Amino acid sequence: MTESTPPTVRRIAINTGGGDAPGLNAVIRAATLAALREGWEVLGIRRGYMGLLEPEVDGEPGVMQLTANAVRGITHLGGTILGTTTRGNPFGLEVRQPDGTWGKVDRSDEIVECFRKREIDALIAIGGDGSLSIAHALYNKGLPVIGVPKTIDNDLSATDVTFGFQTAVEVATDAIGRLHSTAEAHQRVMVVQLMGRHTGWIALESGISGGADVILIPEIPYHVDRIAEKVRERDVQGRRFSIVVVAEGAQPADGVASYADASGRYGGIADRVAEQITEVTGKETRTLVLGHIQRGGEPIAYDRSLALRFGAAAVRCIREGSLGTMVALQGNRIRAVPLGDAVHDIKRVPADSELVMTARQLGISFGD
Ligand code: F6P
């Protein structure tokens, strides 16, 4: 549900939750400057919601005043000036029990109370599906929230794209491109593992742009024999090297269900795929796990611009009383969509999408 009566706003807060993504600071800057122009006071909550629960850590206050000066010159900076955490869900915070084991405690009521006491009229929550689900749950408890979609994975529904994604694709494309010469020099198969959790957006976009021969994504389960076929086909054509891009969440058609551990962290698939390629083809393989380089450093211009647009749009939503929504890019327009729609389902790569079709027409194998 969204409200449509413009509220009286005096003070808003901004936080960043979950894994960082290039462009977070640009959102913070745009939202802060736009809010200050409305005459509102702007607070920044550090480390998701933790800054409210831990008012001071190492002499640093949990909540900071966001002035024009505080957000000066940060559009191009990676990370987030507010800090973030992947372990700050107020509905299930991890706590050490007296017997030394870990348990979970729900402190969401305290968060709502903190907002009330500090007289914060609205929160701009910048996050991915996890953080926006938390924001949605807090909205259902009465907190006036606007969500801003962030994640390099691009897996949020209701928006065509999340900020941070294009920067990750750029970094991954550059890495894949650099592997061609060394792979060819040694006549090897290079297997590159990219992020994306249970979706293959980064692998697909950068695999196509970087000239991969094989792209493995979670949405299209693979057979090792089919990968080997592609590698052999290239050998026969005199191209005695291959580049295999594998999304960290890719799935073999048979066997292991997923390469995620109990906490949901992915790892290990590149090594396994490389081993199997060597077993079947006899070819030498090497692996590269690109990791957090995909998330670090400066956002590219596209993400800076999108992040600035999202930040400004979030302020317009507050001004218009469009709460419980998320700003989203649809076509070339920024719209407000119900927060619930955005976190309802993960956006996966449709196996019959135009991008997949393009890759197939270029001769790229999905191992299927
Ligand atoms: O969701 C963003 C992401 O970078 C995923 O692509 C990746 O699986 C995960 O976060 C890594 O999380 P962490 O930074 O906690 O290792």
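Calculation criteria
- Residues numbered from 1 in each chain as written.
- Predicted model: local features only at pLDDT ≥ 70, side-chain atom pairs only at ≥ 80, totals over all residues.
- Heavy atoms only, no water.
- Pairing = 2+ DSSP bridges.
- Helix = DSSP H or I, 4+ residues; strand = E, 2+ residues; numbered from the N terminus.
- Axes fitted to C-alpha atoms, helices over the stretch in contact; angles between N-to-C directions.
- Contact = heavy atoms within 4.5 Å.
- Phe/Tyr/Trp six-rings, centres within 6.5 Å; stacked < 30°, edge-to-face > 60°.
- Lys NZ or Arg CZ within 6 Å of the ring centre and 35° of its normal.
- Near = heavy atom within 4 Å.
- Polar contact = N/O pair within 3.5 Å; in protein donor to acceptor, adjacent residues only side chain to side chain.
- 1 Å grid on protein atoms, 1.4 Å probe; cavity = no way out; pocket = protein on both sides within 12 Å on 5 of 7 lines; lining within 4 Å.
- Sits in = over half its atoms within 2 Å of the grid points.
- Nonpolar A, V, L, I, M, F, W, Y, C, P; charged D, E, K, R; others polar.
- Salt bridge = Lys/Arg side-chain N within 4 Å of Asp/Glu carboxyl O.

Caption draft 1: Up close: the sheet that holds strand 11 (residues 214-216). What the four strands build is an open sheet, ordered 11-12-10-13; its pairing is parallel. Each edge of the open sheet carries a strand with a single partner, namely strand 11 and strand 13 (285-289). On average, each strand axis in the sheet is inclined to that of its neighbour by 15 degrees, with strand direction left out of account. As paired elements, strand 11 and strand 12 (residues 242-247) share three bridges and run parallel to each other. Residue pairing in the sheet places Val 214 in a bridge with Val 244 of strand 12. Helix 8 (residues 269-281) rests against strand 10 (189-194), strand 11, strand 12 and strand 13 of the sheet, and its axis sits at about 160 degrees to strand 10.

Caption draft 2: Region of the structure containing the packing of aromatic side chains. In the structure shown here, the tally under the stated rule is zero aromatic pairs. Geometry around Phe 241 places Arg 234 over its ring, the cationic atom sitting 4.9 Å from the centre. Geometry around Trp 201 places Lys 347 over its ring, the cationic atom sitting 5.5 Å from the centre.

Caption draft 3: Examining the site of the ligand more closely. Residues in close proximity to the ligand include Ile 152, Asp 153, Met 195, Gly 196, Arg 197, Glu 248, Arg 265, His 292 and Arg 295, which together make up its full environment. Within the side chain of Asp 153, a nitrogen or oxygen atom sits 2.6 Å from an oxygen atom of the ligand. Contacts to the ligand include Gly 196, whose backbone N or O atom sits 3.1 Å from an oxygen atom. More than half of the atoms belonging to the ligand lie within 2 Å of the grid points that define the largest pocket. A breakdown of the residues in the shell around the ligand according to their chemical character gives two nonpolar, two polar and five charged.

Caption draft 4: Molecular detail of the sheet that holds strand 2 (residues 41-45). On the basis of which strands lie adjacent, the open sheet formed by seven strands has the order 5-2-1-8-9-14-15 and mixed pairing. Looking at which strands have only one partner, the edges of the open sheet turn out to be strand 5 (63-65) and strand 15 (333-338). Strand-to-strand twist in this sheet, taken as the mean axis angle between neighbours without regard to direction, amounts to 30 degrees. Direction of pairing for strand 1 (residues 11-16) relative to strand 8 (residues 122-127): parallel, over a ladder of five bridges. Looking across to strand 8, one finds that Ile 14 is bridged to Ile 124.

Caption draft 5: Geometry of the pattern of salt bridges. A full pass over the atoms with the stated rule returns 23 salt bridges. Put simply, Asp 20 and Arg 295 hold a salt bridge, and the shortest N to O gap is 3.0 Å. On the criterion of sequence distance, the pair formed by Asp 20 in the loop between strand 1 and helix 1 (24-37) and Arg 295 in the loop between strand 13 and helix 9 (301-320) is long-range, its members being 275 residues apart. Between Glu 60 and Arg 46 there is a salt bridge, with the nearest N and O atoms lying 3.7 Å from each other. Of this pair, Glu 60 sits in strand 4 (residues 60-61) while Arg 46 is found in the loop between strand 2 and helix 2 (50-53), placing the two residues 14 residues apart along the sequence. A network of salt bridges, in which partner residues are shared, links Asp 129, Asp 153, Asp 155 and Arg 197.

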